[in-house]
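Summary of the model geometry
So you can see what is in the structure, the chains are spelled out below.
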2 protein chains.
Amino acid sequence: VGEAVRRSEVVVVTGGLGPTPDDRTREGIALALGLPLAVRGDLLEELRRKYLAYGHTTMPEVNVVQVTLPEGAEAVPNPLGTAPGFRLEPGNAVLFAVPGVPREMRQMLRESIVPWLAAHRPGEAVRSRVLKTMGIGESEMVSRHAVLFAALSERGVDVGFYPRLPGVHLRLTVRGEAGAAAARLAAAEAEVRLALAAHIYGVDEETLPGIVGRELVARGWRVAVAESCTGGALCAALVSAPGASRYVDRGIVAYADRAKIELLGVPAALLETHGAVSEPTARAMAQGLRSRSGVDVAVAVTGIAGPEGGSPGKPVGLVWSAVAAPDGIRAWRSVHPGTRDMIIQRSVMTDLNRLRRVLLQEE
Amino acid sequence: VGEAVRRSEVVVVTGGLGPTPDDRTREGIALALGLPLAVRGDLLEELRRKYLAYGHTTMPEVNVVQVTLPEGAEAVPNPLGTAPGFRLEPGNAVLFAVPGVPREMRQMLRESIVPWLAAHRPGEAVRSRVLKTMGIGESEMVSRHAVLFAALSERGVDVGFYPRLPGVHLRLTVRGEAGAAAARLAAAEAEVRLALAAHIYGVDEETLPGIVGRELVARGWRVAVAESCTGGALCAALVSAPGASRYVDRGIVAYADRAKIELLGVPAALLETHGAVSEPTARAMAQGLRSRSGVDVAVAVTGIAGPEGGSPGKPVGLVWSAVAAPDGIRAWRSVHPGTRDMIIQRSVMTDLNRLRRVLLQEE
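Residues numbered from 1 in each chain as written. Chains lettered and ligands numbered in written order. Predicted model: local features only at pLDDT ≥ 70, side-chain atom pairs only at ≥ 80, totals over all residues. Heavy atoms only, no water.

Focus on the overall build of chain A
Scanning chain A from terminus to terminus reveals 13 helices and 15 strands. Here the C-alpha radius of gyration of chain A, 26 Å, is well above what a compact globule of 363 residues would show, namely 21 Å. C-alpha extents for chain A along the principal axes are approximately 80 × 60 × 40 Å. When each of the 363 residues of chain A is scored for burial, the buried share is 52%. Considering only contacts within chain A whose residues lie at least 6 apart along the sequence, 62% involve residues at least 24 apart. Where the 41 positive side-chain charges of chain A centre and where its 39 negative ones centre are 4 Å apart. (Helix = DSSP H or I, 4+ residues; strand = E, 2+ residues; numbered from the N terminus. Rg over C-alpha atoms; globule rule 2.2 N^0.38 Å. Buried < 20%, exposed > 50% of the residue type's maximum accessible area, 1.4 Å probe, protein only. Contact = heavy atoms within 4.5 Å. Lys, Arg positive; Asp, Glu negative; His and termini not counted. Charge placed at Lys NZ, Arg CZ, Asp CG, Glu CD.)

Laid out in structure tokens, this is it:
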């Protein structure tokens, strides 16, 4: 810490702010900067209130250490946890200490650290935009559009490629005077959109469940989900968006064949002839769920997540999906690579995107 | 990189091994260490094979850069992705470069880096054990057992506390000669187990879904899940364990009240009187599912994940759960703090643990 604040303008320390004996960041920073530690009465009251709000009758005394801060520290609020962070300004540097719990740390970065730096250490403007794509790998993307990406780079537009499961996020970043940077970013985005067209499903903080939910609400439609290999993860993804109760009707995890017959009306003979992982079964699941539940649109997924259960004709990773909408049923075959959890996650995202495209009449 | 290999014995570089123009780790390391880069024919063949196995007809030429390594580099296999990692031994140091994708990086750390270091840079032995707990916060844990943790620390047993959603993982670490370290670790574990008793549900790589699955298989039982606020996430957690098809029968995400009535046989009058989030509804969901599906044990969860839908009597975070087993039905009330996704995740883990305790006859 002592070295970092000498060589850097901004130092962020994460972790070690808990109440347990292995949490030593407060002491370490105080020692490095030669500052005494003191209990902060104002923060202690707030911490006690949090404990009561969480349903505890008292706050354990060990938690007092969480509000024992180096002299001169300003508290940084932690809306998702107990330990406050803090800010110090040793010499010409600014140092932030925040908890290591990723969720808490990210929230504090967004809500406190970045706004503080923007207000107190303004530099050149940095404007960026994340374009989220699916259905094209990063290799194919740079191969097909090498000229575009080289041109953007020459014009000072940084392009970062971040592989996700299963798509690629592109981050366009532009630096300079604020107005000019925003204009150059908008121009770059328009060019990338032309090139990647239908592969782009969202931007920045948008998520597939949120986008699908928005489109369902716009149509006043309700959705139901029938899953096998994904085990509930597709429905859980839809429900992860706040407000999902407005459009999610039900989900059926028909893991056993018997459940597919009883709950979705898949004919036993069809399962016998084609198997559980097949186009006819996926179609029958979507169709059966849509008619039984009375929703506008039903999604069905059946596949082999592995590690066992594969065969030469039906390998691990094979997934059949179907969407039953008012204008008919569509079905798709995928073979997803990776481990069991990767196959499940790829299925969920791929099928949410298919639902999105059906809603937007792109499929 | 140049500075790191001078001051450290082991350097691990993550990220920047992809095929896109922003992936510059190979070039950067070659430059820092003054090594030429060359295409590796053997790795190129392997990369082409991977592309064909993933269902592509050819490998894009941009991927050649992924097997263009600094002279003298040994490849580190990447079983979950395309980019191989590599190892160099500049001076007295060893440097590993691995992809930044967390899943790939972790796998390569476990399968290649750690075994290589153990074989080629043996130091003193480090033995550690993770004890996974639930139902006790870290503050309460250290308050109640301060004497024990202080004694362990004095005997050279490092204790790390890692808050998870919703439990706390304890990591006990001991260093020294291998046999003695293992014995001291076992003694420390025994003492912690005495102190924390029933709060400990698993160790090391064990997961709640895996443990629950093992107990279900041991009894030859099948399970079904009825969920509302968790939206399929509880069933998806059960299914995440390999081999889940042996014991997961079905899951019902009865998000709308109509679905609770139609699919689980919850009486409409009961929903009218007590509301969807209530003990009678949770019991009726578990009971209804168990009798309709014919499974041995059924789990039901109904709650308010927020951010909307709370009221003074039924706040956001309120969750009622029930387990219907051959010997009867048990129900529990929880109020989980946090955001929508935190409430969902806490519900899933808490109820998996309740199912575990019912299976082990601890509840």
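More follows now that the structure is in view.
A look at the side chain of arginine 346 of chain B
Tracing the chain through its elements places arginine 346 of chain B in helix H13 (residues 340–359). Despite being buried, arginine 346 of chain B has no salt bridge partner; glutamate 104 of chain A is the closest side chain of opposite charge, sitting 6.8 Å away. Look past the residues within four positions of arginine 346 of chain B in its chain and what remains in contact with it is Leu165, Pro166, His336 and Pro337 of chain B. (Salt bridge = Lys/Arg side-chain N within 4 Å of Asp/Glu carboxyl O.)

Considering the relation of the copies chain A and chain B
Copy one and copy two of the chain differ by a rotation about an axis and a translation along that axis. When chain A is fitted to chain B, the best match, at an RMSD of 0.1 Å, comes from turning it 180° and sliding it 0.0 Å along the axis. Seen this way, the second copy is the image of the first under a two-fold rotation axis. When C-alpha positions in chain A are compared against the rotation axis, the closest is assigned to glycine 232 of chain A, at 2.1 Å. Most of the interface of chain A is mirrored in chain B: 100% of its interface residues are interface residues there too. (Least-squares fit on C-alpha atoms with pLDDT ≥ 70 in both.)

Observations regarding the packing of helix H10 (residues 257–264) of chain A against helix H12 (residues 279–293) of chain A
Residue and element names in this part refer to chain A. The N-to-C vectors of H10 and H12 enclose an angle of 35°; their axes lie 9 Å apart at closest approach. From H10, Lys260, Ile261, Glu262, Leu263 and Leu264 reach across to H12, where they touch Thr281, Ala284, Met285, Gly288, Leu289 and Arg292. Looking at the contact of H10 with H12, its residues break down into six nonpolar, two polar and three charged. (Axes fitted to C-alpha atoms, helices over the stretch in contact; angles between N-to-C directions. Nonpolar A, V, L, I, M, F, W, Y, C, P; charged D, E, K, R; others polar.)

What about the interface of chain A and chain B?
Counting residues at the interface gives 57 residues for chain A, matched by 57 residues for chain B. Between chain A and chain B, a total of about 4300 Å² is buried, with carbon and sulfur atoms accounting for 59% of that surface. Of all residues in chain A, Arg103, Arg250 and Tyr255 of chain A bury the most surface against chain B, accounting for 14% of the area lost on that side. Here chain A is connected to chain B by six salt bridges. With a shortest N-O distance of 3.0 Å, arginine 258 of chain B and aspartate 249 of chain A are connected by a salt bridge. Linking chain A with chain B are 28 residue pairs in polar contact (both at pLDDT 80 or more). Counting residues per element, the ones that place at least two in the side of chain A that touches chain B are helix H5 (138–144), strand E8 (158–163), helix H9 (233–239), strand E12 (248–253), H10, H12 and helix H13 (340–359) of chain A. (Buried area = accessible area lost by both parts, 1.4 Å probe. Polar contact = N/O pair within 3.5 Å; in protein donor to acceptor, adjacent residues only side chain to side chain.)

Comments concerning the nonpolar core
Ranked by internal contacts, the top residues of the largest apolar core, which has 48 residues, are Ile252 and Leu264 of chain A together with Ile252 and Leu264 of chain B. In this structure leucine 264 of chain A touches Ala226, Ile252, Ala254, Ala259, Ala284, Met285, Gly288, Leu289 and Arg292 of chain A, once residues within four positions along its chain are discounted. (Core = buried A, V, L, I, M, F, W, Y, C linked by side-chain atoms within 4.5 Å.)

Details of the packing of helix H8 (residues 208–219) of chain A against H13 of chain A
Residues and elements named next belong to chain A. For the pair H8 and H13, interaxial distance at closest approach is 10 Å and the crossing angle is 30°. For the element pair H8 / H13, the angle class is roughly parallel. Where H8 crosses over H13, the two elements pack in a sense that is left-handed. In this structure, H8 contributes Leu208, Pro209, Ile211, Val212, Glu215, Leu216 and Arg219 to the contact, and H13 contributes Met349, Leu352, Asn353, Leu355, Arg356 and Leu359. Residues belonging to the contact of H8 with H13 are distributed by class as follows: nine nonpolar, one polar and three charged. (Parallel < 35°, antiparallel > 145°, perpendicular 65-115°, else oblique. Left-handed = near helix turned anticlockwise from the far one by under 90°.)

Quick word on the packing of aromatic side chains
All names here are of chain A. Considering all chains together, one arrives at four aromatic pairs over all chains under this definition. Ring geometry for phenylalanine 96 versus tryptophan 116: centroids 5.7 Å apart, planes at 80°, classification edge-to-face. On the criterion of sequence distance, the pair formed by phenylalanine 96 in strand E6 (residues 94–98) and tryptophan 116 in helix H4 (residues 102–120) is long-range, its members being 20 residues apart. (Phe/Tyr/Trp six-rings, centres within 6.5 Å; stacked < 30°, edge-to-face > 60°.)

So, the sheet that holds strand E6 (residues 94–98) of chain B
All names here are of chain B. Taken together, four strands build an open sheet; the order of strands is E1-E6-E5-E4 and the sheet is mixed. Whereas interior strands pair on both sides, the edge strands pair on one side only; in this sheet they are strand E1 (10–14) and strand E4 (74–76). Strand-to-strand twist in this sheet, taken as the mean axis angle between neighbours without regard to direction, amounts to 20°. Bridging between E4 and strand E5 (residues 85–88) involves three bridges; their strand directions are antiparallel. Looking across to E5, one finds that valine 76 is bridged to glycine 85. (Pairing = 2+ DSSP bridges.)

As for the pattern of salt bridges
Residues and elements named next belong to chain B. Evaluation of the coordinates by the stated rule reveals 51 salt bridges over all chains. Residue aspartate 204 is joined to arginine 129 by a salt bridge in which the shortest nitrogen-to-oxygen separation is 2.9 Å. Highlighted residues: aspartate 204 in the loop between strand E10 (200–203) and helix H8 (208–219) and arginine 129 in strand E7 (residues 125–133), separated in sequence by 75 residues. Among the residues examined, aspartate 204 registers a relative accessible area of 27% and is labelled partly exposed.

Fair warning: the whole summary comes from geometry, so function is off the table for now.
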